[in-house]
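Geometric and topological summary
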Amino acid sequence: MPLLDLLSGSLLLCGAFFFFAGTIGLLRFPDVYTRLHALAKADNLGLGCILAGLALQADSMALALKLLAIWPLALIASAAVGYTIARRADRLGIVPWEKPKP
Amino acid sequence: MTGLELPIALFLLVNLAAALWRAARGPTPADRMLAALLFGSTGAGILALLAFAGGGPALVDVALTLALLAAITGIAFAQRSWQRHGAHEGGDDNAAP
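One numbering rule holds for all chains: residues counted from 1, following each sequence as written. Starting at A for chains and at 1 for ligands, labels are handed out in the order in which the entities are written. Whole-chain, interface and lining totals are the exception, using all residues; otherwise, since this is a predicted model, local features are given only for residues with pLDDT of at least 70 and side-chain atom pairs are given and counted only at 80 or more.

1. Focus: the overall build of chain A
A run of H or I in DSSP becomes a helix once it reaches four residues, and a run of E becomes a strand once it reaches two; helices and strands are each numbered from the N terminus. A tally of regular secondary structure across chain A gives three helices and zero strands. Order of helices (α) and strands (β) in chain A, N terminus to C terminus: α-α-α. Radius of gyration means the value over C-alpha atoms here, while the globule rule gives 2.2 Å times the residue count to the 0.38 power. In terms of overall size, chain A is more extended than a compact globule, its C-alpha atoms giving a radius of gyration of 17 Å where 102 residues would be expected to give roughly 13 Å. Dimensions of chain A, computed from the C-alpha atoms along their principal axes, are close to 55 × 30 × 15 Å. Here exposure depends only on C-beta density: within 10 Å of a residue's C-beta, 20 or more other C-beta atoms make it buried, 12 or fewer make it exposed, and intermediate numbers make it partly exposed, the C-beta atoms being placed from the backbone. When each of the 102 residues of chain A is scored for burial, the buried share is 40%. Contact definition: two residues whose C-beta atoms, as placed from backbone geometry, lie within 7 Å. Nonlocal contacts in chain A, meaning residues at least 24 apart in sequence, comprise 63% of its contacts between residues at least 6 apart.

If you want it as structure tokens, here you go:
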């Protein structure tokens, strides 16, 4: 089915783009709080796009559902990990980055 | 199979290699841990892609396990491992000393 292939391919490319954005954010953002954003948001959106694109190609319903089950797991995990790391960083006295005054 | 799986898996691998720079640079232990967590989520994506590029459906189970382990690792790091002596004053790694 060419339409399904087209949809799947564009979802895969979309996911690759969001993963790329997350890596750029991890490399370029100035402190640990902002880097958490790159990891917890952009990367999980990329993972969701890739998993949805692959689920469209799956042979069986069970495989498609298993692929789509990875995504809520990753979302819950990143929400918990992001909150926990940010709270610990705050407790340890790491000051959030502010734009330098000109 | 659209033929895109393997190129995108390679592209994600290049992303992981670039994220190693952040793991090496730090400056706080949390930044190194973020690179490890990136290996968890991107690795799950790569494994799912490889499952459709000829690796077989078992790799999807491996991806599920990897995503689960990355979550446990992150929580254990923040709750147990990251203590005061490892902390870095100030979050900005470009700040003057």
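From this point, things continue past the structure.
2. Some points on the confidence of the model for chain B
All names here are of chain B. pLDDT is a residue-level measure of predictor confidence that goes from 0 to 100. Per-residue pLDDT for chain B has a mean of 81; in total, 84% of the residues score no lower than 70. Predicted confidence for residues 86-97 stays below pLDDT 50, and this span has 21 contacts to residues more than four positions away or in other chains. Interface confidence in the predicted complex, given as ipTM, is 0.86; pTM for the same model is 0.83.

3. Let's talk about the nonpolar core
Across soluble globular proteins, nonpolar side chains show a tendency to be buried alongside one another. Linking buried Ala, Val, Leu, Ile, Met, Phe, Trp, Tyr and Cys residues through C-beta atoms within 7 Å yields a set, and such a set is a nonpolar core. Core analysis: the biggest nonpolar cluster contains 53 residues, and A:Leu51, B:Leu34, B:Ala44, B:Ala48 and B:Ala67 have the highest contact counts within it. Mapped by element, the contributors of at least two residues to this core are α1 (2-28), α2 (32-57) and α3 (61-91) of chain A together with α1 (5-25), α2 (29-55) and α3 (58-81) of chain B. The element contributing the most residues to this core is α2(B), with 13 residues. Leave out the neighbours within four places in its chain, and B:Leu34 touches A:Leu26, A:Arg35, A:Leu36 and A:Leu39.

4. Describing α1(A)
Expected span of a helix: the number of residues minus one, times 1.5 Å. If you check α1(A), its first and last C-alpha atoms are 39 Å apart, about what 27 residues at 1.5 Å a residue would give, namely 39 Å. All of the buried residues along α1(A) are A:Ser8, A:Leu11, A:Leu12, A:Gly15, A:Ala16, A:Phe19, A:Gly22, A:Thr23 and A:Leu26. Tucked inside the fold, the buried residues of α1(A) contact α2 of chain A together with α1 and α2 of chain B.

5. Focus on the interface of chain A and chain B
Facing the 45 residues of chain A at the interface are 43 residues of chain B. Nonpolar residues are Ala, Val, Leu, Ile, Met, Phe, Trp, Tyr, Cys and Pro. Charged residues are Asp, Glu, Lys and Arg, and all others, Gly as well, are polar. When its residues are assigned to classes, the side of chain A that touches chain B shows 30 nonpolar, nine polar and six charged.

6. Overview of the packing of α1(B) against α2(B)
Residues and elements named next belong to chain B. Fitting a line to C-alpha atoms yields each axis, with helices limited to the stretch in contact; the angle taken between N-to-C directions then spans 0 to 180 degrees. The N-to-C vectors of α1 and α2 enclose an angle of 170 degrees; their axes lie 9 Å apart at closest approach. As the angle between them shows, α1 and α2 are arranged roughly antiparallel. Between α1 and α2, the residues in contact are Glu-5, Leu-6, Ile-8, Ala-9, Leu-12, Leu-13, Asn-15, Leu-16, Ala-19, Leu-20, Arg-22 and Ala-23 and Asp-31, Arg-32, Ala-35, Leu-38, Phe-39, Thr-42, Gly-45, Ile-46, Leu-49, Leu-50, Phe-52 and Ala-53, respectively. Within the contact of α1 with α2, the residues separate by chemical class into 17 nonpolar, three polar and four charged. Comment on the angle field: the value is read as roughly parallel under 35 degrees, roughly antiparallel over 145, roughly perpendicular from 65 to 115, and oblique elsewhere.

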